[in-house]
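Observations on the three-dimensional arrangement
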Amino acid sequence: MTKGDILDLRIENMGSGGEGIAKIGGFPVFIKDSVPGDLCRVKIVKVKKNLAYGRMLEVLLPSKDRVSEKCPLAKRCGGCSMQAVSYERQLKFKYERVCDCLKRIGGVPEEILDRAGEGTVGMEEPFRYRNKAQYPIGMDKDGNVVAGFYAARSHDIVPVSDCLLLPEQFGDILSGFLDFMRLNGVSAYDEASGKGLVRHLVIKKAFATGEILVVIVINGDSLPHEDELINTMKAFEGLTSVVLNIHKAKTNVIMGSSERVIFGDGHITDILCGLKYRISPLSFYQVNPRIASGIYEAVLEFAGLTGNEEVWDICCGIGTISLYLAKHAKRVLGIEIVPEAIIDAKRNAGLNGIENAEFICGAAEDILYAFSEDKKAGDHTFPDVIVLDPPRSGMELKAIDAVLKMAPSKIIYVSCDPATMSRDIKILTEENYTLTRFRPYDQFCQSGHVECVVLMSKVKE
């Protein structure tokens, strides 16, 4: 097989990004926009040592799991890699992916997976579920201001007026902002040169209250005609705050660390699992609140709290899990590295009248290590239950070592990446913990991503 070959291939499986996989004598070929069961005519575009990539020219015989994409930009945009796959098959694939990672990377025996696994929890309507959008702003080849989402594996902006994963209001706000830029000659940021002003438009919505926060990320200290911008934004129903985020560094990181509120109070408030949460521009908050509520309920279910437990929530964000568990625990300690999130977590505790939750700002690995060495965390005893909810990269080894020293009876791992989760679980299973239950959640419908909640129980010695 060489680059340029045209082959007829049967798609056998899906990769982690939702792309189809065919095999030639066991050699995998990854093909975007294909569905397991498809017979496709494919042009080979790249051949590497252990795999190849192909571009689909034609579907010769469609799979029974192939459906029509609802969005006309699905093939160009990098956000919905699985929109051509039936939703039932998407859920099955995500369960299989979690199982594969736990078995292959985590070393979990198949008999434990069969006993502990529960099917992927999905949505009745897997569209319009996201409460947050991050639109890159740029220029097209004719010098016109454009915004949308990046094409797969690139930083080429695909103009998107209405994404079907987002509330319809977001498209209206984006269009209004682009009109403001064009009318006032406001420049877009250019990644290559580092010049231009507007980098991103970030929109967050609290589904329960309807409040909307707009964050404009700029390569400067101010926007021209800010009063006119505020008048434009105020016209949109539900919009309560507009914030300028100052980001002058030449980097692909979306948001900078400083900001200035130009309208409203700079945050929105949502309600999840009966609790109120304050959400600021830099705060992490689950993008799919309908599924997130199920995840938090699963954490509580797996924890099996009686009201007498000390619970630690690692990478706690704005305190969503911490405060939900606090209603059922003796005390909760939340640890988070983002200062703005900790500020919100403390405010959220006050907002909900919760007095048995404490929050500490710092790197989880450093704080956990210090606590494990001191045998005590302030007036907190070692935890009975630890919740690990790390970013996609997983937990630092130093943090895992500290958790093992504290030896909680239960560790609940909440992850958006089955591979790094399984890597960390392997360490835990080698140190007297066993995987008791796991349940995937379709937090990111139409994409290859999957969230999972895992219960690790300490083996009695």
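To start, this report covers the structure provided alongside it.

What counts and how
- Residues numbered from 1 in each chain as written.
- Predicted model: local features only at pLDDT ≥ 70, side-chain atom pairs only at ≥ 80, totals over all residues.
- Heavy atoms only, no water.
- Salt bridge = Lys/Arg side-chain N within 4 Å of Asp/Glu carboxyl O.
- Helix = DSSP H or I, 4+ residues; strand = E, 2+ residues; numbered from the N terminus.
- Buried < 20%, exposed > 50% of the residue type's maximum accessible area, 1.4 Å probe, protein only.
- Patch = residues over 30% accessible without salt bridge, like charges linked within 9 Å, V, L, I, M, F, W, Y side chains within 5 Å.
- Areas by Shrake-Rupley, 256 points an atom, 1.4 Å probe, with all protein chains shown as cover.
- Lys, Arg positive; Asp, Glu negative; His and termini not counted.
- Charge placed at Lys NZ, Arg CZ, Asp CG, Glu CD.
- 1 Å grid on protein atoms, 1.4 Å probe; cavity = no way out; pocket = protein on both sides within 12 Å on 5 of 7 lines; lining within 4 Å.
- Points joined across faces, edges and corners; volume = space filled by probe spheres on them.
- Nonpolar A, V, L, I, M, F, W, Y, C, P; charged D, E, K, R; others polar.
- Pairing = 2+ DSSP bridges.
- Axes fitted to C-alpha atoms, helices over the stretch in contact; angles between N-to-C directions.
- Contact = heavy atoms within 4.5 Å.
- Polar contact = N/O pair within 3.5 Å; in protein donor to acceptor, adjacent residues only side chain to side chain.

The subject of this paragraph is the pattern of salt bridges. This model, assessed by the stated rule, comprises 26 salt bridges. The shortest N-O distance in the salt bridge between D65 and R89 comes to 3.8 Å. Of this pair, D65 sits in the loop between β6 (52-61) and α1 (87-104) while R89 is found in helix α1, placing the two residues 24 residues apart along the sequence. Note that D344 and R278 form a salt bridge whose closest N and O atoms lie 3.0 Å from each other. Taken as a pair, D344 in helix α7 (residues 339-351) and R278 in strand β15 (residues 275-279) lie far apart in primary sequence, 66 residues in all. Given the relative accessible area of 1%, D344 is considered buried.

Another aspect to go through is a nonpolar patch on the surface. A cluster of nonpolar side chains, contributed by M1, I24 and V47, occupies part of the molecular surface with about 210 Å² of accessible area. Among the structural elements, V47 can be located in strand β5 (residues 39-47).

Right, let's talk about a positive patch on the surface for a bit. A cluster of basic residues, K3, K43, K46, K48, R55 and R153, forms a positive patch at the surface. When its relative accessible area of 74% is taken as the criterion, R153 is described as exposed.

This part covers empty space enclosed by the protein. Here the structure, examined in full by the defined rule, presents one cavity of 30 Å³ or more. In this model, the largest cavity occupies a volume close to 60 Å³. In this structure, the largest cavity is lined by D33, S34, V35, E69, A74, C80, S81, M82, Q83, A84 and V85. Considered class by class, the residues forming the lining of the largest cavity number six nonpolar, three polar and two charged.

In spatial order, the strands read β9-β8-β7-β10-β11-β12-β13; together these seven strands make up an open sheet with mixed pairing. Two strands lie at the open edges of the sheet, namely β9 (157-159) and β13 (258-263), each paired on one side alone. Ignoring strand direction, the axes of neighbouring strands in this sheet form an average angle of 35 degrees. Both strand β7 (residues 132-139) and strand β10 (residues 198-205) contribute to a ladder of five bridges, which runs antiparallel. When the bridges of β10 are listed, Q134 appears paired with V202. In the packing of helix α3 (residues 168-183) onto the sheet, contacts are made with β7, β8 (145-150), β10, β11 (212-218) and β12 (239-246), and the angle to β10 comes to roughly 150 degrees. Taken strand by strand, helix α4 (residues 226-234) contacts β11, β12 and β13, and its axis lies near 70 degrees from that of β13.

With that settled, consider unusual backbone geometry. Of note, R128 is a non-glycine position whose phi angle comes to about 55 degrees, a positive value. Within the fold, R128 resides in the loop between α2 (110-116) and β7. A relative accessible area of 24% places R128 in the partly exposed class. Located in the positive-phi region is A407, a residue other than glycine, with phi close to 50 degrees. Inspection of the secondary structure puts A407 in the loop between α9 (397-406) and β20 (410-415). By relative accessible area, which is 30% here, A407 ends up partly exposed.

With respect to the helices and strands, the residue E69 is situated in the loop between β6 and α1. Overall, E69 belongs to the partly exposed group, its relative accessible area being 25%. Once residues within four sequence positions are removed from consideration, E69 is found in contact with A74, K75, Q83 and A84. Side-chain polar atoms of E69 contact the side chain of K75, separated by 3.0 Å.

This part is about the pairing of β8. Among the six residues of β8, five are classified as buried, and the element is accordingly described as predominantly covered. Count of turn residues in the β7/β8 antiparallel hairpin: five residues, of which G143 carries a positive phi of about 85 degrees. Inspection of the sheet shows β8 paired to β9 by three bridges, in the antiparallel sense. Counted as the bridge partner of Y150 is I157 from β9. Connecting β8 to the antiparallel partner β9 that follows it, the hairpin turn spans six residues, and R153 within it adopts a positive phi of roughly 55 degrees.

Keep in mind these values describe shape, not function.
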